[in-house]
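Structural overview
Below, each chain spelled out in residue letters.
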Amino acid sequence: MNRPYSSKMVYENIKGKEIGLSEKNCKALLDKLVDEKKVVQKMNKKQAIYWLNQAEFTEMSTDELRELDEQLKELEKQNQDLEDECSRLIQGIQNYCTRTGS
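Computed from a prediction, not measured in an experiment: that's the story for all the values here.

A word on helix 2 (residues 23-35)
When the terminal C-alpha atoms of helix 2 are compared, their 18 Å separation across 13 residues agrees well with the 18 Å that a helix rising 1.5 Å per residue should span. Contacts from the buried residues of helix 2 go to helix 1 (7-13), strand 2 (39-44) and strand 3 (47-52). With its phi angle positive at about 65°, Lys37 sits one or two positions after the end of helix 2.

Below you can see the structure in the form of structure tokens.
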């Protein structure tokens, strides 16, 4: 879905303050993306809203979507395997600390 955002919402979602970006610079970057036709802007009374220009994206075929689903399933399995390994390691550390009194 192509959800519209205000510049303030974009700023908050990218955690602008944490990365050293001011709200003013965030709006300037959005305006630049509008000029480059990568983002669409619409004025809503006094506030501008932005969303990605969907013309920038191509439609994916059913086969491409199926391949992405397969990749996602494999990555989810790898993630679960890593979570299981982390749990085993944490349990081992806890058991060791219990035995040694650490």
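As for a negative patch on the surface
There is a patch of like negative charges on the surface, built from Glu64, Glu67, Asp69 and Glu70. For Glu67, the location among the structural elements is in helix 3 (residues 62-100). For Glu67, a relative accessible area of 46% puts it in the partly exposed group.

Details of the sheet that holds strand 1 (residues 5-6)
Spatially, 1-3-2 is the arrangement adopted by the 3 strands of the open sheet, whose pairing is antiparallel. Here the strands that pair on one side only, and so sit at the sheet edges, are strand 1 and strand 2. Sheet topology places strand 2 next to strand 3; 6 bridges connect them, and they run antiparallel. Directly across from Met43, in strand 3, lies its bridge partner Ala48. Against the sheet, helix 2 engages strand 2 and strand 3, with an angle of about 115° to strand 2.

Let's talk about the nonpolar core
In terms of nonpolar packing, the biggest core is built from 9 residues, these being Val10, Tyr11, Leu21, Cys26, Leu30, Val34, Val39, Ala48 and Tyr50. Among the elements that make up this core, the one with the highest residue count is helix 2 (3 residues).

Basis of the calculations
- Residues numbered from 1 in each chain as written.
- Predicted model: local features only at pLDDT ≥ 70, side-chain atom pairs only at ≥ 80, totals over all residues.
- Heavy atoms only, no water.
- Helix = DSSP H or I, 4+ residues; strand = E, 2+ residues; numbered from the N terminus.
- Expected span 1.5 Å × (residues − 1).
- Contact = heavy atoms within 4.5 Å.
- Patch = residues over 30% accessible without salt bridge, like charges linked within 9 Å, V, L, I, M, F, W, Y side chains within 5 Å.
- Areas by Shrake-Rupley, 256 points an atom, 1.4 Å probe, with all protein chains shown as cover.
- Salt bridge = Lys/Arg side-chain N within 4 Å of Asp/Glu carboxyl O.
- Lys, Arg positive; Asp, Glu negative; His and termini not counted.
- Charge placed at Lys NZ, Arg CZ, Asp CG, Glu CD.
- Buried < 20%, exposed > 50% of the residue type's maximum accessible area, 1.4 Å probe, protein only.
- Pairing = 2+ DSSP bridges.
- Axes fitted to C-alpha atoms, helices over the stretch in contact; angles between N-to-C directions.
- Core = buried A, V, L, I, M, F, W, Y, C linked by side-chain atoms within 4.5 Å.

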